[in-house]
Number of protein chains: 2
Amino acid sequence: MQVIRTLIVDDHAIVRTGVKMLLGKKEHIEVVGEAADGQEAIEKALSLQPDLIIMDLSMPPGKNGLEATRELKKSLPETHVLILTMHDDENDLFRVVQAGASGYILKNAIDSELFSAVDAVLRGQVYLYPSAAKSLVEDFLEGVKRGEDLSKYKLLSNREEEVLVFIAKGYSNKEIAEILHISVKTVETHKSKIMDKLDLQKKHELVAYAIKKGLLSLE
Amino acid sequence: MQVIRTLIVDDHAIVRTGVKMLLGKKEHIEVVGEAADGQEAIEKALSLQPDLIIMDLSMPPGKNGLEATRELKKSLPETHVLILTMHDDENDLFRVVQAGASGYILKNAIDSELFSAVDAVLRGQVYLYPSAAKSLVEDFLEGVKRGEDLSKYKLLSNREEEVLVFIAKGYSNKEIAEILHISVKTVETHKSKIMDKLDLQKKHELVAYAIKKGLLSLE
DNA sequence: AAAAAATATCAGGAATTCCCCTGATATTTC
DNA sequence: GAAATATCAGGGGAATTCCTGATATTTTTT
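Residues numbered from 1 in each chain as written. Chains lettered and ligands numbered in written order. Predicted model: local features only at pLDDT ≥ 70, side-chain atom pairs only at ≥ 80, totals over all residues. Heavy atoms only, no water.

Colleague: A description of the overall build of chain A should follow, citing residues and the corresponding values.
Modeller: When helices and strands are counted, chain A shows ten helices and six strands. Per-residue burial over chain A gives 49% buried out of 219 residues. Partitioning the intrachain contacts of chain A with sequence separation of at least 6 by distance along the chain shows that 62% fall at a separation of at least 24. (Helix = DSSP H or I, 4+ residues; strand = E, 2+ residues; numbered from the N terminus. Buried < 20%, exposed > 50% of the residue type's maximum accessible area, 1.4 Å probe, protein only. Contact = heavy atoms within 4.5 Å.)

Colleague: I'd like a description of the interface of chain B and chain A, backed by residues and values.
Modeller: Taken residue by residue, the interface counts 32 residues in chain B and 32 residues in chain A. Counting each side, the surface lost to burial between chain B and chain A is near 3000 Å², with a carbon and sulfur contribution of 70%. Counting every contact that joins chain B to chain A gives two salt bridges. Linking E175 of chain A and K202 of chain B is a salt bridge whose minimum nitrogen-to-oxygen distance equals 3.3 Å. Seen at the junction of chain B and chain A, the total is eight residue pairs in polar contact (both at pLDDT 80 or more). Contributions of two or more residues to the side of chain B that touches chain A are made by α1 (13–24) and α10 (203–212) of chain B. (Buried area = accessible area lost by both parts, 1.4 Å probe. Salt bridge = Lys/Arg side-chain N within 4 Å of Asp/Glu carboxyl O. Polar contact = N/O pair within 3.5 Å; in protein donor to acceptor, adjacent residues only side chain to side chain.)

Colleague: Describe the protein's contact with DNA strand D, with residues and values.
Modeller: Around DNA strand D, 17 residues are found, and the nearest of them are S157, S183 and K185 of chain A together with E188 and K191 of chain B. For DNA strand D, a phosphate oxygen lies 2.8 Å from a polar atom in the side chain of T186 of chain A. For DNA strand D, a base nitrogen lies 2.9 Å from a polar atom in the side chain of T189 of chain A. Every element with two or more residues in the surface near DNA strand D is listed here: α9 (184–198) of chain A together with α8 (173–180) and α9 (184–198) of chain B. The element best represented in the surface near DNA strand D is α9 of chain A, accounting for six residues. Residue composition of the surface near DNA strand D, by class: one nonpolar, seven polar and nine charged. (Near = heavy atom within 4 Å. Nonpolar A, V, L, I, M, F, W, Y, C, P; charged D, E, K, R; others polar.)

Colleague: Let's hear about the packing of helix α7 (residues 158–168) of chain B against α9 of chain B: which residues, and what values?
Modeller: All names here are of chain B. At a minimum axis separation of 9 Å, α7 and α9 run at an interaxial angle of 95 degrees. In terms of their interaxial angle, α7 and α9 are classed as roughly perpendicular. Only V187, H190, K191, K193, I194 and K197 of α9 make contact with α7, whose side of the interface consists of R159, E160, V163, L164 and I167. In the contact of α7 with α9, the residues fall into five nonpolar, one polar and five charged. (Axes fitted to C-alpha atoms, helices over the stretch in contact; angles between N-to-C directions. Parallel < 35°, antiparallel > 145°, perpendicular 65-115°, else oblique.)

Colleague: Could you give me a rundown of the pairing of strand β4 (residues 80–85) of chain A, with the residues and numbers involved?
Modeller: Consecutive side chains along a regular strand alternate between the two faces of the sheet. All names here are of chain A. With six of six residues buried, β4 is to be regarded as a mostly interior element. Burial along β4 is two-sided: the residues H80, L82 and L84 and V81, I83 and T85 are all buried. Relative to β4, strand β3 (residues 52–56) runs parallel, the two being bridged by five bridges. If you follow L52 over to β4, its bridge partner there is H80. Of the strand pairs in this sheet, β4 and strand β5 (residues 103–106) are connected by four bridges, and their pairing is parallel. Bridging from a neighbouring strand, L82 pairs with G103 of β5. (Pairing = 2+ DSSP bridges.)

Colleague: Please provide a residue-by-residue account of the protein's contact with DNA strand C, values included.
Modeller: Surveying the vicinity of DNA strand C reveals 18 residues, the closest of which are K191 of chain A together with S157, S183, K185 and K197 of chain B. The share of sugar and phosphate among atoms of DNA strand C within 4 Å of the protein is 62%. Measuring from a phosphate oxygen of DNA strand C, one finds a side-chain N or O atom of K197 of chain B at 2.8 Å. Mapped by element, the contributors of at least two residues to the surface near DNA strand C are α8 (173–180) and α9 of chain A together with α9 of chain B. No other element matches α9 of chain B, which puts six residues into the surface near DNA strand C. Looking at side-chain class alone, the surface near DNA strand C contains one nonpolar, seven polar and ten charged residues.

Colleague: Any chance you could break down helix α5 (residues 111–122) of chain B for me, citing the residues and the numbers?
Modeller: End to end, α5 of chain B covers 17 Å across twelve residues, agreeing with the expected 16 Å (1.5 Å per residue, within 8%). At the exit of α5 of chain B stands G124 of chain B, carrying a positive phi of roughly 90 degrees. (Expected span 1.5 Å × (residues − 1).)

Colleague: Tell me what's going on with the packing of aromatic side chains, and back it up with residues and numbers.
Modeller: Residue and element names in this part refer to chain A. Taken as a whole and judged by the stated rule, the model has two aromatic pairs over all chains. Aromatic side chains F166 and Y171 sit 5.2 Å apart centroid to centroid with 85 degrees between the ring planes, which places their arrangement in the edge-to-face category. Among the residues examined, F166 registers a relative accessible area of 19% and is labelled buried. According to the relative accessible area criterion, Y171 is partly exposed, its value standing at 21%. Taking NZ or CZ as reference, K26 lies 4.5 Å from the ring centre of F115, over its face. (Phe/Tyr/Trp six-rings, centres within 6.5 Å; stacked < 30°, edge-to-face > 60°. Lys NZ or Arg CZ within 6 Å of the ring centre and 35° of its normal.)

Colleague: Explain the sheet that holds strand β1 (residues 4–9) of chain B residue by residue, including any values.
Modeller: All names here are of chain B. Taken in spatial order, the six strands line up as β2-β1-β3-β4-β5-β6 in an open sheet, and their pairing is parallel. Looking along the sheet, the strands with just one partner apiece sit at the ends: β2 (29–35) and β6 (127–128). Relative to β2, β1 is paired through six bridges, and the arrangement is parallel. Of the residues in β2, the one forming a bridge with R5 is E30. Packing against the sheet, α1 makes contact with β1, β2, β3 (52–56) and β4 (80–85), and its axis sits at approximately 170 degrees to β2. In the packing of α5 onto the sheet, contacts are made with β1, β2, β3, β4, β5 (103–106) and β6, and the angle to β4 comes to roughly 155 degrees.

This is the structure in structure tokens:
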């Protein structure tokens, strides 16, 4: 059997080693490299040309797992990407699949599930843990039924996401206005559009959203 | 050599397995149990009576690693606790040491450091990674110099920490008041005392503090 | 045990800020 | 050329912030 050359991307060394050792149990898998952030992941992937990349979704500094995946799939469409994530979030699922990843598995998963996921991904299948698959199918069916209500999954604009992060971090409108060199009124507009687009009512829901998305990284 | 019976506490299964496999390399270490949160950690520790507990500092649901450590050291003072944490924070260091843990190591650490830490802790020493030890010594010396300025490291009261979490999560004063069944005025008082005690000026600093402390967990 | 400090609760008032509504314009993107 | 984006504004009511000040309970220190 062909040896699967694998790259592991996670910002925590011990987590990387853990995954590496887990995968090391399988003789047909060889870990050829590690990366600690999205940028490094892209560089290493280009030089190492791995068959499989296991990537953490939320990596604070700079490029996160999703952006890295999107970029990687452009240059290396044949490389399979398996996303490892902290939390089960339906919205992530869509983004991850759209970004071209072949699988989505929780860090909370049991070890055997990781192996199943790797196997499935290498066979060219898409692996999603059962409940994720269920919600994907449900949403797809719903979308078809009532004529493409995909608006919910539309992304925020760059500016809006930028503002969202500041809001979630607890910056006041005034502070954000100063930082971005725009008026408070503009900040308010962005905020209200964000709330609209994400269908949120309360600020704490917005914060929860940002946390889930891994936007509240620590610098 | 005596076999060291070890309990691993982390809310992510894959991280637990990773640490378990890392430790499994050493013949004198036996992982006798795992726990996913502070409460479970306490229960398992009491029934398993391990020699060493490797504990994640930030665990969302209910009891976090710090509280669990504090409680554990009461009932099992002989058990060594090695804290595994995401981020390097000087304040955590003090709390961790005060809570009775024997070591503090970053998840970002290299594997050999984990082994050094385990060895040191088992010999009854306190293990801190180099920069942590440095800041601890520096602060100690500073404290001695200008007559005990330990007030900065005083803990918030339970109620204050409770309120802090809600604030950081983006709840409004009114919402917090309703949730805790107290008046808005009381919430304001707590908030201002928190800002005073932590010497913070802006709300986003408070949020950053909460993030660092791992108080903004996702449910 | 008595005194002191910390904790948890609440209030009034004034200035500031936020929230929500409508509405506008220039640029970019599709 | 229509849609999305990014910018700004006015106005009014709600909420927050910042100040002082109060009281009862608990904890700690002397």
